[in-house]
Amino acid sequence: MSTNPVEGLLALWEAGTNPLALLRAAEPGAGDDGLARLPVGARDGKLIAHQRRLFGPAIEATVPCAECGETAEVTLDADSLLAMAPEEVAPIAITSGAWRIEARPADSHDMAALAMKEPEAAERALLARVVTLCTRDGAPADPANLPPEVVAAIEDALEAADPLAAITLLVACPHCGASIPALHDPAHHFARSVAAEARRLLAEVAALARAYGWREADILAMTPQRRAAYLELAA
Ligand SMILES: [Zn+2]
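Here the structure is a predicted model, which means the values were calculated and not measured.

Draft legend 1. Region of the structure containing the coordination of the zinc ion. The zinc ion binds to the protein through Cys65 (SG), Cys68 (SG), Cys173 (SG) and Cys176 (SG); the donor distances cover 2.3 to 2.4 Å. Each of the four donor atoms around the zinc ion contributes to a set of angles spanning 106 to 112°, which defines the coordination as tetrahedral. Read in sequence order, the donor residues for the zinc ion give the motif C-x2-C-x104-C-x2-C. Taken together, the positions of Cys68 in the loop between β1 (58-64) and β2 (71-77) and Cys176 in the loop between β7 (167-172) and β8 (179-184) put the pair 108 residues apart, joining distant regions of the chain.

Draft legend 2. Quick look at the packing of helix α9 (residues 186-212) against helix α11 (residues 224-234). Where α9 meets α11, the closest approach of the two axes is 10 Å, and the angle between their N-to-C directions is 50°. By the angle class used here, α9 and α11 are oblique. Relative to α11, the crossing made by α9 is left-handed. Of the residues in α11, those in contact with Leu201, Glu204, Ala207, Leu208, Ala211 and Tyr212 of α9 are Arg227, Tyr230, Leu231, Leu233 and Ala234. Within the contact of α9 with α11, the residues separate by chemical class into nine nonpolar, no polar and two charged.

Draft legend 3. Here's a closer look at the sheet that holds strand β3 (residues 92-96). The antiparallel open sheet is built from four strands, whose spatial order is β3-β4-β5-β6. In the strand order of this sheet, the two ends are held by β3 and β6 (139-140), each with one partner. Pairing between strand β5 (residues 131-136) and β6: two bridges, direction antiparallel. Bridged to Arg136 within β6 is Ala139. Helix-sheet contacts for helix α7 (residues 119-130) involve β4 (99-103) and β5, and the interaxial angle to β5 is about 95°. In the packing of helix α8 (residues 148-161) onto the sheet, contacts are made with β3 and β4, and the angle to β3 comes to roughly 150°.

Draft legend 4. Inspection of the side chain of Asp162 at higher detail. Within the secondary structure layout, Asp162 lies in the loop between α8 and β7. Lacking a salt bridge, the buried Asp162 has Arg43 as its closest oppositely charged neighbour, with an N-O distance of 8.4 Å. Reaching out from Asp162, the side chain makes a polar contact with the backbone nitrogen of Gly41 at a distance of 2.7 Å. When neighbours within four sequence positions are excluded, Asp162 is seen to be in contact with Pro39, Val40, Gly41, Ala42, Val89 and Pro105.

Draft legend 5. Focus on the packing of aromatic side chains. According to the stated counting rule, one finds four aromatic pairs in the structure shown. Geometrically, the ring pair formed by Tyr212 and Tyr230 is edge-to-face, given 5.8 Å between the ring centres and 70° between the ring planes. Taken together, the positions of Tyr212 in helix α9 and Tyr230 in helix α11 put the pair 18 residues apart, joining distant regions of the chain. In this structure Tyr212 comes out as partly exposed when scored by relative accessible area, which is 31%. When its relative accessible area of 29% is taken as the criterion, Tyr230 is described as partly exposed. Connected via pairs of aromatic rings, a cluster forms that spans Tyr212, Trp214 and Tyr230.

Draft legend 6. Region of the structure containing a negative patch on the surface. On the surface, Glu123, Glu155, Asp156 and Glu159 cluster together into a negatively charged patch. The element best represented in the negative patch is α8, accounting for three residues. According to the relative accessible area criterion, Glu123 is partly exposed, its value standing at 37%.

Draft legend 7. A look at the nonpolar core. Of all hydrophobic cores here, the largest spans 18 residues; its most connected members are Ile48, Val74, Leu81 and Leu169. Apart from residues no more than four positions distant in its own chain, Ile48 is found in contact with Ile59, Ala78, Leu81, Leu82, Leu164, Ile167 and Pro186. Ala106, Val131, Leu146 and Ala161 belong to the second-largest nonpolar core, a separate cluster that totals 17 residues.

Draft legend 8. Expanded view of the pattern of salt bridges. Counted under the stated rule, the structure contains 14 salt bridges. With a shortest N-O distance of 2.8 Å, Arg104 and Asp110 are connected by a salt bridge.

Calculation rules
- Residues numbered from 1 in each chain as written.
- Predicted model: local features only at pLDDT ≥ 70, side-chain atom pairs only at ≥ 80, totals over all residues.
- Heavy atoms only, no water.
- Donors = N, O, S within 2.8 Å, 3.2 Å for Na, K, Ca; no water.
- Tetrahedral: all angles 85-135°; square planar, octahedral: opposite > 155°, others 65-115°.
- Helix = DSSP H or I, 4+ residues; strand = E, 2+ residues; numbered from the N terminus.
- Axes fitted to C-alpha atoms, helices over the stretch in contact; angles between N-to-C directions.
- Parallel < 35°, antiparallel > 145°, perpendicular 65-115°, else oblique.
- Left-handed = near helix turned anticlockwise from the far one by under 90°.
- Contact = heavy atoms within 4.5 Å.
- Nonpolar A, V, L, I, M, F, W, Y, C, P; charged D, E, K, R; others polar.
- Pairing = 2+ DSSP bridges.
- Buried < 20%, exposed > 50% of the residue type's maximum accessible area, 1.4 Å probe, protein only.
- Lys, Arg positive; Asp, Glu negative; His and termini not counted.
- Salt bridge = Lys/Arg side-chain N within 4 Å of Asp/Glu carboxyl O.
- Polar contact = N/O pair within 3.5 Å; in protein donor to acceptor, adjacent residues only side chain to side chain.
- Phe/Tyr/Trp six-rings, centres within 6.5 Å; stacked < 30°, edge-to-face > 60°.
- Patch = residues over 30% accessible without salt bridge, like charges linked within 9 Å, V, L, I, M, F, W, Y side chains within 5 Å.
- Areas by Shrake-Rupley, 256 points an atom, 1.4 Å probe, with all protein chains shown as cover.
- Charge placed at Lys NZ, Arg CZ, Asp CG, Glu CD.
- Core = buried A, V, L, I, M, F, W, Y, C linked by side-chain atoms within 4.5 Å.

Okay, here's the thing in structure tokens:
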């Protein structure tokens, strides 16, 4: 984050909605490759921590109800989400029948490599990337030949190892009572909070620039109290 919190916020806004781009903007001093190699859940945990630092622990989400078409609102607690995460996300090792598998949780490089693929092809490509050891009856085997139940066991183990990679919610619809399953996307919510705050800030800059002819950099350098006072005087 830049030393000026306002510049830091605008840099986050300009980073867009990609989770890795957001994290790079939030932590410009961190090595790019180190951030890209963070397990996806660990990366999203960092985004949740930045959201908490800037906007507080309450994360307001909306979920469309497939049954009645209304929208349900749910408030998530950043601290509860962060408490789900292990201190360090570790690789997994499982044995299922004759199969012995070791795998690492997916990172942003893996996600970028899968971005354009169909879901089924993406699942196979992801397995090929994250499985680091695959044997059947002790002999090396191709992860492409894994039976579905072993694939499911690997996915479960990886999800348990890096729980913030897939934050699933079950929201009760206040309109019809249906249970709505949903996935919470921390990057999407962080980007939305950042964009709302950036727009509010730029509206202040525009109003002050119109009223007094000041430069953007000078207005952004002011404390929020001074900007608010000048806005009041201009009204
Ligand atoms: Zn409903």
